[in-house]
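# An overview of the molecular structure
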Amino acid sequence: MTTDAKNKNRNSWKKFYATIPTTCLFATLLLGTLTLSCGQEINTRDNRNTLSWFVDVTAKSGIDFQHHAGVTPEKHLPETMGGGGLLADLDGDGDLDVYLIQSGNLAVSNTVPSGEPNRLYLNRGNGIFDDHTEASGAAAHTGYGQGVAAGDVDLDGDIDLYVTNFGPDILLLNDGTGTFSDGTSMSGLGDTRWTAGASFFDADQDGDMDLYVTAYLDVDLSAPVWCGRHEEGWRSYCNPDVYEGLPDRFWLNLGDGTFKEATDSFGLNSFESPGKGLGAIPFDFNGDGAMDLYVANDSVENRLWVNTGNGFRDGTLLSGTGVNSRGLTEAGMGLAAGDVDGDLDLDLFVTNFDDESNTLYRNDGDGFFTDVTLASGLEAPSRLPVGFGAVFADFDLDGDLDLAVANGHIINNIHLYHDGKTHAQRAQIFENDGHGLFREVSEQAGDLSQDPTVGRGLYGGDVDNDGDIDLLLLSCDGKAKLFENQQAKTNATIWITLQGLPQGTSVTFTLADGTNLQRQAGFQPSYYGGSLPDVHVGLPQGFPTEVKISPPHLHPTRLEWNSPIKSGVWRVFGSPDGTWTAHRLGSR
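Right, let's talk about unusual backbone geometry for a bit. At Asp 366, a position not held by glycine, the phi torsion is positive, near 60°. As for its placement among the helices and strands, Asp 366 is situated in the loop between β22 (359-365) and β23 (368-371). In this structure, Leu 397 is a non-glycine residue whose phi angle is positive, near 60°. The residue Leu 397 is located in the loop between β24 (387-393) and β25 (402-407) in this model.

Ranked by internal contacts, the top residues of the largest apolar core, which has 43 residues, are Ile 63, Leu 77, Val 98, Leu 100, Trp 194, Leu 472 and Tyr 528. Counting only elements with at least two residues in this core, the list comes to β3 (97-100) and β29 (470-475). Discounting chain neighbours no more than four positions away, the residues touching Ile 63 are Thr 58, Val 98, Leu 100, Tyr 121, Phe 129, Ala 480 and Leu 482. Among the nonpolar cores identified, the runner-up in size contains 20 residues, and Ile 494, Val 507, Leu 539 and Val 572 belong to it.

As a further point, take the packing of aromatic side chains. This structure, assessed with the given rule, holds 13 aromatic pairs. Both rings, one in Trp 561 and one in Trp 570, keep their centres 4.9 Å apart while their planes meet at 90°; by these two values the pair is edge-to-face. Taken individually, Trp 561 and Trp 570 each receive the classification buried, so the pair is uniform in this respect. Within the aromatic cluster, the residues linked to one another by ring pairs are Phe 201, Phe 250, Phe 266 and Phe 312. When the ring centre of Tyr 237 is taken as reference, the NZ or CZ atom of Lys 75 above it lies at 5.2 Å. The ring of Phe 388 has Arg 456 lying over it, and the distance from NZ or CZ to the ring centre is 4.1 Å.

The next subject is the state of the cysteines. Under the definition given, this model contains 1 disulfide. Residue pairing for Cys 227: its cysteine sulfur links by disulfide to Cys 238, the two sulfurs lying 2.0 Å apart. Here Cys 227 and Cys 238 share a disulfide; its torsion about the S-S bond, 100°, makes the bridge right-handed. You can see Cys 227 sitting in strand β12 (residues 227-228) and its partner Cys 238 sitting in the loop between β13 (235-236) and β14 (249-253), a full 11 residues away along the chain. Under the relative-accessibility criterion, Cys 227 is labelled buried at 14%.

Right, let's talk about the pattern of salt bridges for a bit. For the structure on display, the rule yields 16 salt bridges. The salt bridge partner of Asp 191 is Arg 193, with a shortest N-O separation of 2.9 Å. Accessibility classification places Asp 191 together with Arg 193 in one group, the buried group. The partner of Glu 379 in a salt bridge is Arg 383, and the shortest N-O contact between them spans 2.7 Å. The network of salt bridges with shared partners includes Asp 64, Arg 119 and Asp 131.

Attention now goes to the sheet that holds β14. Spatial ordering of the open sheet is given by β10-β11-β14-β15, a layout of 4 strands whose pairing is antiparallel. Lying at the two open borders of the sheet, with one neighbouring strand each, are β10 (195-201) and β15 (259-261). The average angle at which neighbouring strand axes cross in this sheet is 20°, direction not considered. Bridge count for β14 against β15 is 3 bridges, and the pairing is antiparallel. Residue pairing in the sheet places Leu 252 in a bridge with Lys 260 of β15.

Structurally, Thr 192 is set in the loop between α4 (184-187) and β10. Among the residues examined, Thr 192 registers a relative accessible area of 56% and is labelled exposed. For the pair Thr 192 and Gly 167, spaced 25 residues apart in sequence, the C-alpha separation works out to 4.5 Å.

The next subject is the environment of Pro 247. You can see Pro 247 is positioned in the loop between β13 and β14. Take Pro 247: its relative accessible area is 37%, and that puts it in the partly exposed class. Sequence separation between Pro 247 and Tyr 216 is 31 residues; the distance between their C-alpha atoms is 7.8 Å. When neighbours within four sequence positions are excluded, Pro 247 is seen to be in contact with Arg 193, Ala 215, Pro 274 and Gly 275.

Here is what the cut-offs are and how they apply
- Residues numbered from 1 in each chain as written.
- Predicted model: local features only at pLDDT ≥ 70, side-chain atom pairs only at ≥ 80, totals over all residues.
- Heavy atoms only, no water.
- Helix = DSSP H or I, 4+ residues; strand = E, 2+ residues; numbered from the N terminus.
- Core = buried A, V, L, I, M, F, W, Y, C linked by side-chain atoms within 4.5 Å.
- Buried < 20%, exposed > 50% of the residue type's maximum accessible area, 1.4 Å probe, protein only.
- Contact = heavy atoms within 4.5 Å.
- Phe/Tyr/Trp six-rings, centres within 6.5 Å; stacked < 30°, edge-to-face > 60°.
- Lys NZ or Arg CZ within 6 Å of the ring centre and 35° of its normal.
- Disulfide = S-S within 2.5 Å.
- Salt bridge = Lys/Arg side-chain N within 4 Å of Asp/Glu carboxyl O.
- Pairing = 2+ DSSP bridges.
- Axes fitted to C-alpha atoms, helices over the stretch in contact; angles between N-to-C directions.

Here it is in structure tokens:
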């Protein structure tokens with residue numbers, strides 16, 4: 001994409017904001033609405049679907065997972081975190097399977113007791129799942145589970161997994177059929193601390209998957225700290241400020257199935273304040289073809305690591321992404337990245353604690369971001385809930401990225417301390433107007449926002465292969481729930497899913513009117529997991545006139561098609577001559 005074209009897209013939202021009186025915009029967004037009381041209205045979509053967006057299909061899907069947190073009277077903080085999950089094609093048949101992390105019972109030591117295993121559900125291709133746990137080999141791992149990362153670490157064409165625990169982590173090597181072996185020892189990986197979110201990405205541009213693992217807190221289970229009032233029933237879980245943080249670790253893939261720890265040598269050590277990390281998202285925010293990294297830290301500064309091609313430099317201070325617009329640190333938990341304002345670069349979203357609000361950082365280019373949470377309409381609706389999982393996706397197939405957020409408090413007796421605050425909370429959906437302004441449409445979300453849960457992980461993907469993005473919601477000490485998106489059944493919009501693109505590939509769809517839509521391939525971590533590995537786009541204005549892809553480290557190139565473009569799933573293949581061709585696999 002040329003600079004002129006990018007500037008044209010960037011200027012579109014600037015002109016949009018310029019048409020709105022500042023005082024009206026502030027007052028209106030503070031109330032969380034999109035209608036201006038002084039006589040001017042923001043033009044929302046004319047053909048918005050008024051039906052419920054999501055239906056709970058858990059019972060018929062075959063997913064029967066119950067998370068166990070092992071809650072104790074001592075209120076150990078790991079009990080509040082929940083277990084992560086993953087939507088990914090783990091058996092190589094082209095559809096999205098489900099892997100869910102179990103926690104269990106904490107031992108009064110830093111060793112992990114045996115308990116119920118993590119669970120693997122294989123998709124039949126229509127959103128109906130079979131429990132494959134017993135045949136999954138080492139994927140039926142037992143430990144006090146936290147999160148999971150996905151990537152092809154041994155370059156054999158299938159997706160391997162790294163599971164973080166409160167205790168020893170494990171690397172799971174896939175044989176291509178959804179059966180896994182324990183590759184931890186031979187790989188050189190391993191961590192016995194409290195690790196949290198993790199992400200695979202190609203940090204050194206050598207074609208294989210390196211690994212970044214966040215570590216959280218130094219907690220001694222044998223000496224639990226009492227927090228809250230010293231009265232029966234009033235003991236509460238402690239704030240993370242009570243504990244020391246642990247430093248994250250970066251593991252370099254040597255290309256032969258082994259890793260070496262390379263945190264310091266790659267410039268990824270934050271000497272000012274170690275750890276308290278909960279998640280990390282790789283994304284190419286500056287469009288230079290190298291994957292950068294953003295780390296969400298709890299109650300200390302977040303970190304933006306800029307990939308220089310031979311390591312990383314700390315770009316946090318200049319970028320403005322370490323704190324919010326008030327200069328305050330927040331509780332950084334869930335992460336999502338995507339071009340929400342249509343200016344062809346990736347913006348960043350972070351979920352936080354109650355009374356903080358979640359934070360949307362708009363990418364202004366040249367390494368700078370602006371906190372636009374208030375102006376985007378996302379501040380007021382996120383003040384009361386505690387946000388965890390977050391997903392940017394085009395849920396209504398109108399061409400822009402909407403937002404879904406899972407909510408749930410960590411303190412199970414919070415109602416004793418604060419009127420109006422609850423442990424279980426409702427998930428939220430926000431519709432994008434195409435310019436990066438959001439309005440909450442949770443009342444239209446149907447079952448997704450109907451019942452409050454202690455929400456943690458939230459993952460998106462087209463699990464039933466009907467052309468729209470469904471959602472998997474996880475709950476701490478609760479049941480996993482699968483929600484089917486109804487948009488494809490009520491909306492005739494064209495849609496395209498591109499599979500097989502290298503992680504970090506930027507895809508630009510050019511429409512007939514000159515509008516450009518940008519997406520990036522690769523897993524989105526949300527909270528403690530991964531989803532949306534494929535590029536998915538709704539095209540209400542018709543088929544694109546051109547699609548360009550920019551794989552990491554390669555020049556942008558036009559995507560070719562082996563047949564006329566139609567709605568459906570397309571598998572992209574690269575050739576030695578630099579040509580990339582999409583082959584149609586199916587349609588709704």
